[in-house]
2 protein chains.
Amino acid sequence: MNKHPRNITLTEDQIPKQWYNLRADMPKQHDPFLHPQTKQVLKKEELYPVFCEALAAQELDETTRYIDIPEPVHNFYKIFRPSPVIRAYELERALDTPAKIYYKFEGNNTSGSHKLNSACAQAYYAKAQGLVGLTTETGAGQWGTALAMACAYYGIDLTVFMVKVSSQQKPARKAIMEIYGAKVIPSPSEETAVGRAILKEHPDTGGSLGCAISEAVEKAVTSQGYRYALGSVLNQVLLHQSIIGLEAKKQLELVDAYPDIVIGCAGGGSNLGGLSSAFMQDKLTGKANPYFIAVEPASCPSLTRGKYAYDFCDTGAVTPLAKMYTLGSQFIPSPNHAGGLRYHGMSPIISRLYYDGFLDEARGVEQTKVFESATLFAKNETILPAPESAHAVHVAVQEALKCKESGEAKTILFGLSGTGYFDLTAYTQFNNGTMTDYIPTDEDLAKGFACLPDVSNSAK
Amino acid sequence: MNKHPRNITLTEDQIPKQWYNLRADMPKQHDPFLHPQTKQVLKKEELYPVFCEALAAQELDETTRYIDIPEPVHNFYKIFRPSPVIRAYELERALDTPAKIYYKFEGNNTSGSHKLNSACAQAYYAKAQGLVGLTTETGAGQWGTALAMACAYYGIDLTVFMVKVSSQQKPARKAIMEIYGAKVIPSPSEETAVGRAILKEHPDTGGSLGCAISEAVEKAVTSQGYRYALGSVLNQVLLHQSIIGLEAKKQLELVDAYPDIVIGCAGGGSNLGGLSSAFMQDKLTGKANPYFIAVEPASCPSLTRGKYAYDFCDTGAVTPLAKMYTLGSQFIPSPNHAGGLRYHGMSPIISRLYYDGFLDEARGVEQTKVFESATLFAKNETILPAPESAHAVHVAVQEALKCKESGEAKTILFGLSGTGYFDLTAYTQFNNGTMTDYIPTDEDLAKGFACLPDVSNSAK
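Residues numbered from 1 in each chain as written. Chains lettered and ligands numbered in written order. Predicted model: local features only at pLDDT ≥ 70, side-chain atom pairs only at ≥ 80, totals over all residues. Heavy atoms only, no water.

Let's talk about the interface of chain B and chain A
And then number 1: Opposite the 37 residues of chain B that make contact, chain A presents 37 residues.
And then number 2: Of the roughly 3,500 Å² buried where chain B meets chain A, counting both sides, 59% is carbon and sulfur surface.
And then number 3: Three residues stand out in chain B for area buried against chain A, namely B:Ile179, B:Thr382 and B:Tyr421, and they jointly supply 19% of the buried area on that side.
And then number 4: Inspection of the chain B/chain A interface yields zero salt bridges.
And then number 5: Remark: the boundary between chain B and chain A carries 18 residue pairs in polar contact (both at pLDDT 80 or more).
And then number 6: Elements that contribute at least two residues to the side of chain B that touches chain A include exactly α3 (71-80), α6 (142-154), α8 (171-179), α15 (367-381) and α17 (424-431) of chain B.
And then number 7: Grouping the amino acids of the side of chain B that touches chain A by side-chain chemistry returns 19 nonpolar, ten polar and eight charged. (Contact = heavy atoms within 4.5 Å. Buried area = accessible area lost by both parts, 1.4 Å probe. Salt bridge = Lys/Arg side-chain N within 4 Å of Asp/Glu carboxyl O. Polar contact = N/O pair within 3.5 Å; in protein donor to acceptor, adjacent residues only side chain to side chain. Helix = DSSP H or I, 4+ residues; strand = E, 2+ residues; numbered from the N terminus. Nonpolar A, V, L, I, M, F, W, Y, C, P; charged D, E, K, R; others polar.)

Written out as structure tokens, the structure is:
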């Protein structure tokens, strides 16, 4: 018999009542957002055409440590939260490691990932402001599904610009968004000026996340009663996702555990930022010193090989400029890259924490190794991880095997941010040996860096 | 604020330690199984070539009220159980009903359904008997996935005969079984004598569940170290699934609730039998009198329009004969029938309970209405139901609307046996208005009844 339960649960009255705003404890803030045309520091009012007012305020709030979760959002959280922290006894046994492995599992909802944590907040604020609806983009489809669920729940409209190649490869993802009432438009499309321009230049393009963002933003600012929603990268998203780490810390306390290592996959940073939040607070305030590892695909290495620079958040250059680790807004991962984690940039908060050394390490990993660990995990822990989450699984396995070598019984916490039920094409490729790896050359990356905007004469 | 939580949880040490064998409390047993050739009452030993010995014993056990759950199975249960009972506050609000609606949700595992409850038991007993592996069949794919997960966990082989048309329409289901290490063979196949015979006569057939069962049984009895596993219909399966009802009863007690109405969808009976178990015990022993409703598709109406007669459990006539409600082993639902619940027969236990009036009602419903309720449920409760489970959702909605009319605040419990993540083709058809209904005519059914075996000179 195990001393502690596998499944460390909380009751619904233990769901945090406030989000934690990491910036209030950061010694240095990320450089301010810049207006895409003027390149001057962005004012809150300039965000209002794009975001709901409450969300624009959250985006720029550097000082309020805790922000109340509105009651209707808290009620929505009760539908799918608290999420479990699971002690990976079966994986530990399979690895024969002295390490204690825990994972926070965010996949037990129909969107299949943690994205719902921010989706329901963003849909709620839109509803509260009396808006007609939201626009957004989606790549792999988890964010689009989450926001479709949230908009259905609050009774507002949603238009999703879905990367064209994804909408073709993942008809099930498109279908599920439509079932929840969303309008799904393959991007680039004829619906927007930026889409038409891209199609004119590249009629056969499969689209990209950066391009879909441009279309969604344009559609929001040109449609009466609409605003734009984004599932990662933004400060507001990390704020909402802080609930993951707040819960996880409570749960580990219940079994007298505290992580030596915290591991999260990082695409735009929503999952890593959310899981890290409460533990990063301990680090920033000197209470504890966990070791943080961001895991990213070797094929889209924004932290490990990107530049810390101002860049656009989209391809069409309609979004504000953010100072972040970036591969350049024109960077698109090679076609053999499976799953998400394909964004060119990284959350400005995560970027700053990495730049300042609080986020200890970024590790780029190749996908064939990632799927190997994912399959091992699935066979022993039974859950099939999302390809994104599998990056964290893989590094947890690496660290657990190091413990086996050294004999150390470290406590490892990783984020199992979602399930891979809609990603079976990638798993099948791995399973039948046709999955390949790709590591961009320095020349490949140089092309992306060449497109970084010049802010030398205008910023700050 | 709601007085009681939405999510009624148990801790893992509250997972039942024993299964409940409903037969020990039934005043009348179902008529005995008959040997398929001799039509004489089947002896336990005659089941050994097909089932593990422990499972053969469970299949025929009419007297042991509680059966210990082996510790390795209990450990597996801890991976995905206890499952929640959820108070459907959001659905109640959407329906504006005074009814209190609860659902037991079994979909929070990678197989996506309750099938894992019996899969892990059957795989464990095979492992404990030192077998090499198991064979089985799958239609919609939930059972095959569950058994693949269980066999991967216990480290034994699995061969799945998958209804050919399903393997073509649901490549993701095939893929996920293969990821967990199963060998998946579209049925009918050249691998078995019965498959070859069917292919010779019907070279273009898309297959059927009854035919896939025949192939899996033949493969098991002709392969060294293999036995056969089935995901529904059998007494052993209902025994393992009793854990659903045992948990649900405990959970409702926590909020001082007891169901006036218990609703489950019924294909082979595993879900309905499992959910009903502990409440049916109360009815059989006179402690309470909940009203039980079995919901089945109007297109595959074994309880509502079938005959209570001896029949084969498969198409190829290799399985024992069971006394049950049946449409005839040659019955195949029309091609527009979506999802599972397509089996020609019904659990002998469920059949007996229905025949004797303990199962109060069977209700046949049309799929377009079912998907309408499923979509309403998804938009409000956020979970996308499996098409099978959506049958129970629909009748819960019907009963809740009756309460609205009468003003009664009845307590309704239904089984949300699984999720519809792999069934988006059907949802898309509903969503774009191309889904159709089909109710077999009496002439259609007469063809199935004409094939019922003659047991007049041999039984009992």
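What follows picks up the thread again.
Things to note about helix α17 (residues 424-431) of chain A
And then number 1: Looking only at α17(A), the buried set comprises A:Leu424, A:Ala426 and A:Tyr427. Down the axis of α17(A), the smallest arc covering the buried residues is 155°, so these residues share one side.
And then number 2: Packing partners of the buried residues in α17(A) comprise α15 (367-381) of chain A together with α8 of chain B.
And then number 3: Count one or two residues on from α17(A) and you reach A:Gly433, which has phi positive near 80°. (Buried < 20%, exposed > 50% of the residue type's maximum accessible area, 1.4 Å probe, protein only. Arc of directions from axis to C-beta.)

Let's talk about the domain arrangement of chain A
All names here are of chain A.
And then number 1: Under the domain assignment, chain A is made up of domain 1 (18-66 + 115-228) and domain 2 (81-112 + 242-449).
And then number 2: Here the C-alpha centre of domain 2 lies 22 Å away from the C-alpha centre of domain 1.
And then number 3: Across the contact, 44 residues belong to domain 1 and 44 residues belong to domain 2.
And then number 4: Between domain 1 and domain 2 the total buried area reaches about 3,500 Å² when both faces are included, carbon and sulfur atoms providing 65% of it.
And then number 5: Counting across the domain 1 and domain 2 interface gives two salt bridges.
And then number 6: One salt bridge connects Asp 423 with Lys 170, and the closest N-O pair in it is separated by 2.5 Å.
And then number 7: In this structure, the connection of domain 1 to domain 2 is made through 16 residue pairs in polar contact (both at pLDDT 80 or more).
And then number 8: Elements represented by at least two residues in the side of domain 1 that touches domain 2 include exactly β2 (18-20), α5 (116-128), α6 (142-154), α8 (171-179) and α10 (209-221).
And then number 9: Here the element with the most residues in the side of domain 1 that touches domain 2 is α10; it accounts for six residues. (Domains from an automatic or database assignment.)

Considering the packing of aromatic side chains
All names here are of chain A.
And then number 1: Summed over the entire model, instances satisfying the criterion amount to 39 aromatic pairs over all chains.
And then number 2: Each member of the aromatic cluster is reached from another via a ring pair, and the members are Phe 76, Tyr 77, Phe 80, Tyr 124, Tyr 125, Tyr 153 and Tyr 154.
And then number 3: Above the face of the Tyr 308 ring, Lys 323 is positioned so that its terminal group lies 4.7 Å from the ring centre. (Phe/Tyr/Trp six-rings, centres within 6.5 Å; stacked < 30°, edge-to-face > 60°. Lys NZ or Arg CZ within 6 Å of the ring centre and 35° of its normal.)

Thoughts on the relation of the copies chain B and chain A
And then number 1: Placing chain B over chain A gives an RMSD of 0.0 Å and needs a rotation angle of 180°, together with 0.0 Å of translation along the axis. A rotation of that kind, with that shift, is consistent with a two-fold axis. Nearest to the rotation axis, the C-alpha of B:Asn108 is located 3.0 Å from it, this being the minimum over chain B.
And then number 2: Taken together, the interface assignments show that 100% of the residues at the interface of chain B recur at the interface of chain A, consistent with an identical surface on both copies. (Least-squares fit on C-alpha atoms with pLDDT ≥ 70 in both.)

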